[in-house]
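# Structural overview for review
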Amino acid sequence: MQFKYHKITVKVGSNVLAKADGTLNVARIAHLVDQISLLHKNGVEVVLVSSGAVAAGRAVLEPEHKLDAVSQRQLWAALGQVKLISRYSDFFQEDGMVCAQVLTTKENFSSRRHYLNMKNCFTTLLENKVIPIVNENDTISVTELMFTDNDELSGLIASMVDSEALIILSNVDGVYTAPPGNENAKLIQKVGIDDDEPENAISGHHSEFGRGGMLTKFRIAKKLANDGVGVHLANGFKDNVLVNILAGKDVPHTWFEPAEKSASGVKKWIAYSDGFAKAKVVVNAGAASALKSEKAVSLLPVGIVTIENEFKKGDLIRIVDESGETIGLGKAQYSSDKVESEKRSEKQKALVHYDYLYMEKTTNGKHED
Ligand SMILES: Nc1ncnc2c1ncn2[C@@H]1O[C@H](COP(=O)(O)OP(=O)(O)O)[C@@H](O)[C@H]1O
Ligand SMILES: N[C@@H](CCC(=O)OP(=O)(O)O)C(=O)O
């Protein structure tokens, strides 16, 4: 069988995997595993990002005393992850395949070194024909340093492992022109690079076990597509949905068309490290428009208006324009206390070199890791 991609990341939401009573939908997991096995046996490398631990843990045990929300989630996640991964492991084994568990936290992506360690782990697993099954480590990930949800995590993973596409399987066919259930709601089949309009139709509603809802899916999908990775948002309840999408069959779903470019390794890390920026650097209109242009432009100190917070050499900094809008992220070549002296120097050294600069919408990679 011929498939359109050779490497994909698949993200499956809690609602696809858990039944309303909190028990795992075993038949659905088995079917998902069979599809992944078939793809793998036909030369498609797959990384699976699976939610469902918290949902699955609920049916295992009711705590003796009422717990606070954080402890409750920790308990359910710890109990449910075991259930979830053992199901996957059994079904993959039946198909003659091997899977592995990778639990991670947002902090594991915070520095370039951490990021490359993660990347190496996936490379090793894939080279050894293992299916990595990824989830956030919900037992210890309880602070503001949590991922918004597994959609955010799947975007990061898809970008990091150089997937050609991310397939998000949820409980709806895709993005609709109005919240599903609304009689005027129509499925949007294709979202182009500059097509931001559908975002306005998305309500904050998410299903019982879901965390981020459709909004994070949409934003992550747009970001990935902009970086050259196509995204398919489809219904995980439909039989053979994954195989049919990869076989190019006519499956009703939403496709985010990718840009014809791909970001370099280091820019990919910067692109998804938003939450780790140490400081905000405000640039003037001239610098903003130069940076946004199609040319490879570095950020010179002369264009800097103000700096909020201190930073050291190597820290990530957020670059904003004078209206406060973020235009990019970059790695500082020197610390904040050197910016003023650099401004006065005859041969100014760029604060952020182009190779270490990620622009929100105009990235075009220049060099690899
Ligand atoms: N315009 C829209 N199109 C599609 N889904 C939407 C829209 N607005 C809100 N949603 C909601 O987003 C939900 C999917 O998000 P979520 O519950 O987080 O799923 P998952 O568990 O798969 O991550 C849908 O069930 C739907 O109710
Ligand atoms: N890490 C959590 C999933 C959180 C989450 O993002 O859920 P979902 O929105 O259903 O993908 C779990 O395994 O229960």
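Quick caveat: nothing in here was measured; it's all calculated off a predicted structure.

Turning to the overall build of the chain, a few remarks are in order. Helix and strand counts for the chain come out as eleven helices and 13 strands. Whereas a compact globule of 369 residues would reach a radius of gyration of roughly 21 Å, the chain reaches 22 Å, a difference of no more than 12%. In terms of overall dimensions, the chain has a C-alpha envelope of 70 × 50 × 45 Å along the principal axes. Classification of the 369 residues of the chain by burial places 53% in the buried group.

With that settled, consider the packing of aromatic side chains. Within the structure shown, the criterion is met by three aromatic pairs. Measuring from ring centre to ring centre gives 5.9 Å for Phe-109 and Phe-147, while their planes differ by 75°; the resulting arrangement is edge-to-face. Pair noted here: Phe-109 is in the loop between β3 (98-104) and α5 (112-127) and Phe-147 is in the loop between β4 (130-136) and α6 (150-160), with a separation of 38 residues, a long-range link. Both residues of the pair, Phe-109 and Phe-147, count as buried. By way of ring pairs, the aromatic residues Phe-109, Tyr-115 and Phe-147 are connected into one cluster. Sitting above the plane of the Trp-76 ring, Arg-58 keeps its charged end 5.7 Å from the centroid. Across the ring face of Tyr-354, the terminal group of Lys-267 is positioned such that the distance to the ring centre comes to 3.6 Å.

Okay, the UniProt feature "binding site: substrate" (unreviewed entry) in the chain next. Summarizing the sequence annotation, UniProt attributes the feature "binding site: substrate" (unreviewed entry) to Ser-51, Asp-138 and Asn-150 in the numbering used throughout. Maximum C-alpha separation among the annotated residues is 10.7 Å over a sequence range of 100 residues, consistent with a single clustered spot. Relative to the assigned elements, Ser-51 resides in the loop between β2 (45-50) and α3 (53-57). Owing to a relative accessible area of 8%, Ser-51 belongs among the buried residues under this scheme. Each residue touching Ser-51, except ones within four places of it in the same chain, is listed here: Lys-11, Val-12, Gly-13, Ser-14, Leu-17, Leu-84, Asn-135 and Asn-150. Among all residues touching Asn-150, those that are not within four sequence positions of it are Lys-11, Val-49, Ser-50, Ser-51, Asn-135 and Glu-136.

What follows covers the packing of helix α2 (residues 26-41) against helix α4 (residues 69-94). Orientation of α2 relative to α4, taken along the N-to-C sense of each, is 50°, at an axis distance of 9 Å. One finds that α2 runs oblique with respect to α4. The hand of the α2/α4 crossing is right-handed. Two secondary-structure elements touch here, α2 through Val-26, Ile-29, Ala-30, Leu-32, Val-33, Ile-36 and Ser-37 and α4 through Leu-84, Arg-87, Tyr-88, Phe-91 and Phe-92. Among the residues making up the contact of α2 with α4, the classes are represented as ten nonpolar, one polar and one charged.

Attention shifts here to the pattern of salt bridges. Across all of its chains, the model carries 13 salt bridges by this definition. Across the pair Asp-162 and Lys-268 runs a salt bridge, and its minimum N-O distance is 2.4 Å. Within this pair, whereas Asp-162 is found in the loop between α6 and β5 (165-170), its partner Lys-268 is found in helix α9 (residues 265-271), the two being separated by 106 residues in sequence. Ionic contacts of the salt-bridge type, sharing partners, join the residues Lys-11, Asp-151 and Lys-217 into one network.

Let's shift gears to the nonpolar core. Nonpolar side chains tend to gather and get buried jointly when the protein is soluble and globular. Ranked by internal contacts, the top residues of the largest apolar core, which has 44 residues, are Phe-109, Phe-122, Val-134, Ile-157, Met-160, Val-175 and Phe-256. Grouped together as the second largest cluster of nonpolar side chains are 37 residues, Val-33, Phe-92, Val-243 and Leu-246 included.

Summarising the sheet, strand β11 (residues 316-320) and strand β12 (residues 326-331) pair through five bridges and their orientation is antiparallel. Each residue of the ladder has a partner; that of Arg-318, found in β12, is Leu-329.

The positions UniProt marks with the feature "binding site: ATP" (unreviewed entry) are Lys-11. Following the sequence through the fold, Lys-11 ends up in strand β1 (residues 7-12). Of note is the side chain of Lys-11, whose polar atom sits 2.9 Å from the side chain of Asp-151.

Running from N to C, α6 and helix α7 (residues 213-226) point in directions that differ by 15°, and their axes come no closer than 9 Å. Here α7 runs roughly parallel to α6, going by the angle between their axes. In this structure, α6 crosses over α7, and the sense of that crossing is right-handed. When α6 is examined against α7, the residues Asp-151, Glu-152, Gly-155, Ala-158 and Ser-159 are found in contact with a partner set consisting of Gly-213, Thr-216, Lys-217, Ile-220 and Leu-224. Here the residues of the contact of α6 with α7 sort into three nonpolar, four polar and three charged.

Definitions and cut-offs
The residue count restarts for each chain, going from 1 along the sequence in the order it is written. Throughout, the order in which chains and ligands are written sets their labels, letters from A for the former and numbers from 1 for the latter. A pLDDT threshold of at least 70 governs which residues receive local features in this predicted model, and a stricter bar of 80 or more applies before side-chain atom pairs are shown or counted, although totals over entire chains, interfaces and linings include all residues. The basis for every side-chain value is the complete set of non-hydrogen atoms in the structure, without hydrogens or water. Per the convention used, a helix needs a DSSP run of H or I reaching at least four residues, while a strand needs a run of E reaching at least two, with both numbered from the N terminus. In this setup the radius of gyration rests on C-alpha atoms only. A globule is expected at 2.2 Å times the number of residues raised to 0.38. Relative accessible area decides the class of each residue, using a 1.4 Å probe on protein chains only: under 20% of the type maximum gives buried, over 50% gives exposed, and in between gives partly exposed. Within 6.5 Å between ring centres, the rings of Phe, Tyr and Trp (the latter by its six-membered ring) count as paired, and their orientation is classed by plane angle as stacked under 30 degrees, edge-to-face over 60, tilted in between. Our definition puts a charge over a ring when NZ of Lys or CZ of Arg is within 6 Å of the ring centre and also within 35 degrees of the ring normal. UniProt positions are given in the numbering used here, feature names are shortened, and annotations may be inferred rather than shown by experiment. Here a residue-residue contact requires only that any non-hydrogen atoms of the pair lie within 4.5 Å. Each axis is a line fitted through C-alpha atoms, and for a helix only the stretch in contact is used; angles between axes span 0 to 180 degrees, taken between their N-to-C directions. We call two directions roughly parallel when the angle between them is under 35 degrees, roughly antiparallel when it is over 145, roughly perpendicular when it lies between 65 and 115, and oblique otherwise. Each crossing gets its hand from how the near helix is turned against the far one by less than a right angle, where anticlockwise is left-handed and clockwise is right-handed. Classification used: nonpolar for Ala, Val, Leu, Ile, Met, Phe, Trp, Tyr, Cys and Pro, charged for Asp, Glu, Lys and Arg, polar for all others including Gly. Salt bridges are identified by distance alone: a Lys or Arg side-chain nitrogen within 4 Å of an Asp or Glu carboxyl oxygen. Only buried residues count toward a nonpolar core, which is a set of Ala, Val, Leu, Ile, Met, Phe, Trp, Tyr and Cys residues joined through side-chain atoms within 4.5 Å. Only when DSSP finds a minimum of two bridges between them are two strands counted as paired. Polar contacts, as counted here, are pairs of nitrogen or oxygen atoms within 3.5 Å of one another; within protein the pair requires one atom able to donate a hydrogen and one able to accept it, and residues that are adjacent in sequence qualify only if both atoms are side-chain atoms.

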